[in-house]
Each structure stands twice: as C-alpha cells, then as structure tokens.
Amino acid sequence: MRTGRGRADVADNDVVTETTALDDRWAVFDRWGPYGLLALSTLTAWTAADALGTSTGERRACGVLIVAAVVLELRWNRGVRARPGPSAAGARHYALRWAIGFALTWANPLFAFYAVIGYFSTERLLTRRLRKAGLFATAVTLAGSQSGGLPPNGELGWALFGALLAANTVLVLLFSHFADLEEARGRARLETIAALERTNTALQRALDENAALHAQLLVRAREAGVADERRRLAAEIHDTLAQGLTGIIAQLQAVANTADPALAREHVDRATALARHSLGEARRSVHNLAPAALVDDGLPKALEKTVAEWEERTGTPARFTTTGTVEPLHDEVAATLLRIAQEALSNTARHAQAGRVGVTLSFIGDEVTLDIRDDGRGFDPRVRSARTLPHSRPRSSGGTPTGGFGLDGMRARAERIAGSLDVESEPGRGTAVSARVPLVRHD
C-alpha cells in the first residue's frame, strides 16, 4: 500500500511539475513575445520600406502605431496579474492589438510578423465564444499580408486574397480543433490529478486509522498480557510459594511438638529445604515477571546474550543469527519474542537432549520471525496431551501451568499481538519452533 501510494504521489508531482513549467513558459512568451515580434516586424519593414514603396506619411503612421503598441503592452503587463484567464479586459486588449496589427500590415505587409501574435493569445485573452472570431480576424490580416498587402490589387489580387484567407481559415479551424482537444485532455488530466489526490487522502486516512487500530491492539494485548501474568503468578504463588510456606509451617509446628532432638533436627532440615526451594521459586517468578534483558539492549542483543548464557549454562552449542534490516521494535513485540525464545530454550534444555541449537531472528517486510531449532529427540506434534509433549511444561496439581506456558503459552503470547506460532517436529529428528508477529516499530 505504501508503495502504491508513493508511485501515485510521484505521478501527481510529475504532472503538476510539467503543467507548471509549461504555464511558466507561456507566461514569459505572453509578457515578452509581443515586444520581440514587434521589434522583428519593425526591423524588416523599415529595411524593405523603400522596396515596397512606403511613403513618408505611412512611415510616420507606422511610427505612431508602434509607439501605441508598446504603450498597450506596457499597460497590459502592469495589470495582468489582476486579470488571470479570459475576461472582458482581455477581449478589449486583443481587439486593440489586432487593430494596431491590421493597420501596420495595411501600411507594410511585413508587419504581419507582429500581427501573428493573435494566433497565440486567444486562449489566454478570449472566452470560448470569441475565440473563433479572434482567430478569423487574425487570418484576415495574415492573408492580406501574404497576398501582397491590403487592399488587394484588382480581381486577381482579390482572388489570391480570398484563396489565402480560405487556406488560413481552414488551418485556423484545424489548429483550433487540436487546441480544444488539448484543452480537454488537460482538463481530464487535472480531474485525474484531483481524483488521485482524493484517493491519496483517503488512503492516508485509512493508514492513520490502521495505525490507531494497531496501537489499540497493542494496548489491549498489553492489558491481556498483564491479566495473564497476574493469573500465572497467582497460580505459581498458590502452587509453589504458598504450598512451600505451608510445608515450612507444618515442619516448624512439628519441631515445637516434639521433645526428640534428632526428630526436631530432621523437621528443621526439611523446613530449611522447603525454604530454599521456595526462595528459588520466588526468584524464578520475579525473573519471569519482566524481561530485564531488554532494559539496556534491543531484542537482537538481548537474544544473543540469552543464547550465550543458555549455551554456557547447558553446555550445548547454540548459535544466534539475525537476518534482514534490524529495526527497533515496540516494547510489547520485543518482550513477547524474548519470552518465547526463553521458554523454547528452557524446554529444549529439559526435554530435547539436543546436540546443537540455532536461534534466528528475521526482519522480513512487515513481519518479524523468530525460529528456534534443535537436533534433539523431537516428538509427535499431533499428540496434544501434556504428558506426551516433550517440549511442554508439566502441569501442577492445581491444573495450571507452572513457571512457563509450554507450547500453548508461547502460542498464546504470539496471538496476543496478532502473531502466530508453528511447531515442526518428528521423533528422532529434532524440533523447530517458529513465531511470526507483525513488525511494529518502537514509538
């Protein structure tokens, strides 16, 4: 989705940039083009004035018209920003410019170089209803220039003028049609851009809503995790600490009720053993309560330390590998994957009798995958009984998992953050545990 939206944004920007550049070029031509064409016409007309038999009066009239043309363009350019697009003022300016061009061409046909500006300014000065009339008027001026000047000389001159006017009119209509098609295509392009902008806005809104929903999901997952941890700790306290304290109290009461020193010593030793066992259970519960390994390190470093400590503790060779581009993960995601890795390694140490273990953390697109593999004795995943699952923790007399959650607990952890957990194993061929969760970046 993000890729599709990025391509649409690039297409929008390219079209807008192209349109803006074209408009800028036309704006430069509208501002300076008339001056350039007028200068070119003046130069060529004055150079050929003697050859064309231009009289002194005509030359003076041309000089006055040239000054009038310059003043007209100066006045228009000063106020052009206040008159964007076709308007009544634009129609008046077009008419005055045409009149000056027609008069100059009447005096000297070479001033047609200036009169041709009428072909290029109709769309920006005239409304759609007046454009064809403006183009025809310009065609009259140019046909007169092409036929040898206005007015035409004799019947042959009028015939030539009529033929050239017809040819110019056909060309004008043809180019006008092409211009209309280009304008329609431009409008369609603008509509497409507007539709893409609306689509991008809707897509961004959907992405924002999705991010909000994801955040809500993580909050609920955290709340569910807290509730599960409370239930687990309550079960552990009941099944381990409470029972141990009950046993200690019973042994101490037995000491108080016996006069035999040897028997009293035996009860004291039992109470001491129970106290040590309960202390160990308490420390383990505190360790499982929060992943302290993530306090100072990110998930990859925490997993690397966890695997190294497990290898040192068990003596079984273990290797940790990271693939993909490492990104900082949300605390809930990192804690979940670390707990799954700890539980899987703990089960491997107790039940797998493995000779080698591999742990891989993979960043793949919008997902994070954690794989724990061993070459141990394996088991049959289809057998779901707690008694026959080598990689499951035993259940206490109270019916709740002790210490960890086993495979079901690891799967529940993954599912709480919209992930999944798969187990592949076969007796004698080792076990592979794979947890896949969404890649939610650190806030």
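Structure first, text after, so check above.
Residues numbered from 1 in each chain as written. Predicted model: local features only at pLDDT ≥ 70, side-chain atom pairs only at ≥ 80, totals over all residues. Heavy atoms only, no water.

S.K.: How would you explain helix α8 (residues 128-146) if you had to name every residue and give the values?
M.R.: With 19 residues, α8 should cover 27 Å at 1.5 Å per step; its first-to-last C-alpha distance of 28 Å lies within 8% of that length. Here α8 has its buried residues at Arg131, Gly134, Leu135, Ala137, Thr138, Ala139, Val140, Thr141, Leu142, Ala143, Gly144 and Ser145. One or two positions beyond α8, positive phi appears at Gly148, with a value near 110°. (Helix = DSSP H or I, 4+ residues; strand = E, 2+ residues; numbered from the N terminus. Expected span 1.5 Å × (residues − 1). Buried < 20%, exposed > 50% of the residue type's maximum accessible area, 1.4 Å probe, protein only.)

S.K.: Any details on unusual backbone geometry? Residues and values, ideally.
M.R.: Even without being a glycine, Gln353 presents a positive backbone phi close to 50°. Considering the arrangement of structural elements, one finds Gln353 in the loop between α12 (331-352) and β2 (357-364). Take Gln353: its relative accessible area is 65%, and that puts it in the exposed class. In the Ramachandran plot, Ala418 falls in the positive-phi region, its phi being about 65° despite a non-glycine side chain. By the secondary structure assignment, Ala418 is in the loop between α13 (406-416) and β4 (420-425). On the basis of relative accessible area, Ala418 is assigned to the partly exposed category, the value being 44%.

S.K.: Please give an account of the pairing of β4 that cites residues and values.
M.R.: On a regular strand, one side chain projects to one face of the sheet and the next to the other, so that they alternate. On β4, burial follows the alternation: Leu421, Val423 and Ser425 on one face are buried, whereas Ser420, Asp422 and Glu424 on the facing-out side are not. For β4 and strand β5 (residues 431-438), the ladder comprises six bridges, and the chain directions are antiparallel. Its bridge partner being in β5, Ser420 is matched across the sheet by Arg436. The hairpin formed by β4 and β5 contains five residues between the paired strands, and Gly428 there has a positive phi angle of roughly 85°. (Pairing = 2+ DSSP bridges.)

S.K.: Explain empty space enclosed by the protein to me, using residue names and the numbers behind them.
M.R.: Summed over all chains, the structure comprises one cavity of 30 Å³ or more. Put simply, the largest cavity is a space of about 50 Å³. Forming the boundary of the largest cavity are Tyr94, Arg97, Trp98, Gly101, Ala115, Ile117, Gly118 and Thr138. Where the lining of the largest cavity is concerned, the elements lending two or more residues are α4 (88-107) and α6 (117-120). The dominant element in the lining of the largest cavity, judged by the number of residues it contributes, is α4, at four residues. Of the residues assigned to the lining of the largest cavity, the class counts are four nonpolar, three polar and one charged. (1 Å grid on protein atoms, 1.4 Å probe; cavity = no way out; pocket = protein on both sides within 12 Å on 5 of 7 lines; lining within 4 Å. Points joined across faces, edges and corners; volume = space filled by probe spheres on them. Nonpolar A, V, L, I, M, F, W, Y, C, P; charged D, E, K, R; others polar.)

S.K.: Kindly report on the pairing of strand β1 (residues 318-323), identifying the contributing residues and their values.
M.R.: The sheet contact formed by β1 and β2 spans six bridges and is parallel. Across the sheet, residue Ala318 finds its bridge partner in β2, namely Val357. In this fold, the crossover linking β1 to β2 by way of α12 has left-handed handedness. (Right-handed = clockwise from strand over helix to strand, strands pointing away.)

S.K.: Which residues make up the packing of helix α3 (residues 56-79) against α4, and what are the values?
M.R.: When two helices pack together, you describe them by how their axes are tilted relative to each other and by the distance separating the axes. Where α3 meets α4, the axes come as close as 10 Å, and the angle between the chain directions of the two elements is 160°. In terms of axis orientation, α3 runs roughly antiparallel to α4. Where α3 crosses over α4, the handedness of that crossing is left-handed. On the side of α3, the interface is formed by Glu58, Cys62, Leu65, Ile66, Ala68, Ala69, Leu72, Glu73 and Trp76, while α4 contributes Ala89, Gly90, His93, Leu96, Arg97, Ile100, Ala103, Leu104 and Ala107. Residues that form the contact of α3 with α4 fall into these classes: 13 nonpolar, two polar and three charged. (Axes fitted to C-alpha atoms, helices over the stretch in contact; angles between N-to-C directions. Parallel < 35°, antiparallel > 145°, perpendicular 65-115°, else oblique. Left-handed = near helix turned anticlockwise from the far one by under 90°. Contact = heavy atoms within 4.5 Å.)

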